[in-house]
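Each chain, letter by letter, is given below.
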Amino acid sequence: QVQLVESGGGLVQPGGSLRLSCAASGSVFSINAMGWYRQAPGKQRELVAVITRGSLTNYADSVKGRFTISRDNAKNTVYLQMNSLKPEDTDVYYCNANGWERQSHWFDYWGQGTQVTVSS
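Fair warning: this is a prediction, and the values are worked out from it, not measured in the lab.

The final tally for this structure, using the stated rule, is 1 disulfide. Here Cys 22 connects covalently by a disulfide to Cys 95, the sulfurs 2.1 Å from one another. The disulfide joining Cys 22 to Cys 95 has a torsion of about -85° about its S-S bond and is therefore left-handed. Here Cys 22 is found in strand E3 (residues 18-26), whereas its partner Cys 95 is found in strand E9 (residues 91-101), with 73 residues between them in sequence. Here Cys 22 and Cys 95 have matching classes, each one buried.

Written as structure tokens, this is what we have:
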């Protein structure tokens, strides 16, 4: 089994910054892609940013130029640097990772979610 542990959420004022981290552990053999999603109450979960093992990235239009996704393959960790935060960025942010566990089992796991609140 693969575990994804998130950290870095919190309360920040508009224009501020946060850095989210998500570390994968357990029976990981190889991670393909890692990404961040967010979901507000009553809303559908949406992609924020994704990064491949080769560091190709894709961002939601709403966060382009403000958020940066990166990963440390040696640590099986993905980060989301969030700058110029806006109230509409307030959401629960979820980490996702997919790839292969030991003995060639494909996995697709979610982190527990971390709350990001942008408010004065």
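Read on for the rest.
Once that is clear, we can look at the packing of aromatic side chains. The relative placement of two aromatic rings is captured by the distance of their centres and the angle of their planes. In this structure the tally under the stated criterion is 3 aromatic pairs. Here Tyr 37 and Trp 110 contribute two aromatic rings whose centre-to-centre distance is 4.9 Å and whose plane-to-plane angle is 70°, an arrangement assigned as edge-to-face. Residue Tyr 37 is located in strand E4 (residues 28-39), and its partner Trp 110 is located in strand E10 (residues 105-110); the two are separated by 73 residues in the primary sequence. Under the relative-accessibility criterion, Tyr 37 is labelled partly exposed at 22%. With relative accessibility at 39%, the residue Trp 110 sits in the partly exposed group. Pairing Phe 107 with Tyr 109 gives two aromatic rings, centres 5.7 Å apart and planes at 35°, and the pair type is tilted. Note on Phe 107: relative accessible area 2%, which makes it buried. For Arg 19, the ring lying beneath its charged end belongs to Tyr 79, and the centroid distance is 4.1 Å.

Ranked by size, the top nonpolar core spans 29 residues in total, and within it Trp 36, Leu 80 and Tyr 93 carry the most contacts. Those elements giving two or more residues to this core turn out to be strand E1 (2-7), E3, E4, strand E5 (46-52), strand E7 (67-72), strand E8 (77-82), E9 and strand E11 (114-118). Once you skip the residues sitting within four places of it in the chain, Tyr 93 turns out to touch Glu 6, Leu 20, Trp 36, Tyr 37, Arg 38, Val 48, Phe 67, Leu 80, Met 82, Gly 113, Thr 114 and Val 116.

Nonpolar side chains collect at one region of the surface, where Phe 29, Trp 100 and Trp 106 lie side by side and expose about 390 Å² of accessible area between them. Residue class for Phe 29 comes out exposed when judged on its relative accessible area of 63%.

A word on the pattern of salt bridges. Throughout the structure, instances matching the rule amount to 5 salt bridges. Linking Arg 66 and Asp 89 is a salt bridge whose minimum nitrogen-to-oxygen distance equals 2.8 Å. Of this pair, Arg 66 sits in the loop between strand E6 (57-59) and E7 while Asp 89 sits in the loop between E8 and E9, and the two are 23 residues apart along the sequence.

Definitions and cut-offs
Residues numbered from 1 in each chain as written. Predicted model: local features only at pLDDT ≥ 70, side-chain atom pairs only at ≥ 80, totals over all residues. Heavy atoms only, no water. Disulfide = S-S within 2.5 Å. Helix = DSSP H or I, 4+ residues; strand = E, 2+ residues; numbered from the N terminus. Buried < 20%, exposed > 50% of the residue type's maximum accessible area, 1.4 Å probe, protein only. Phe/Tyr/Trp six-rings, centres within 6.5 Å; stacked < 30°, edge-to-face > 60°. Lys NZ or Arg CZ within 6 Å of the ring centre and 35° of its normal. Core = buried A, V, L, I, M, F, W, Y, C linked by side-chain atoms within 4.5 Å. Contact = heavy atoms within 4.5 Å. Patch = residues over 30% accessible without salt bridge, like charges linked within 9 Å, V, L, I, M, F, W, Y side chains within 5 Å. Areas by Shrake-Rupley, 256 points an atom, 1.4 Å probe, with all protein chains shown as cover. Salt bridge = Lys/Arg side-chain N within 4 Å of Asp/Glu carboxyl O.

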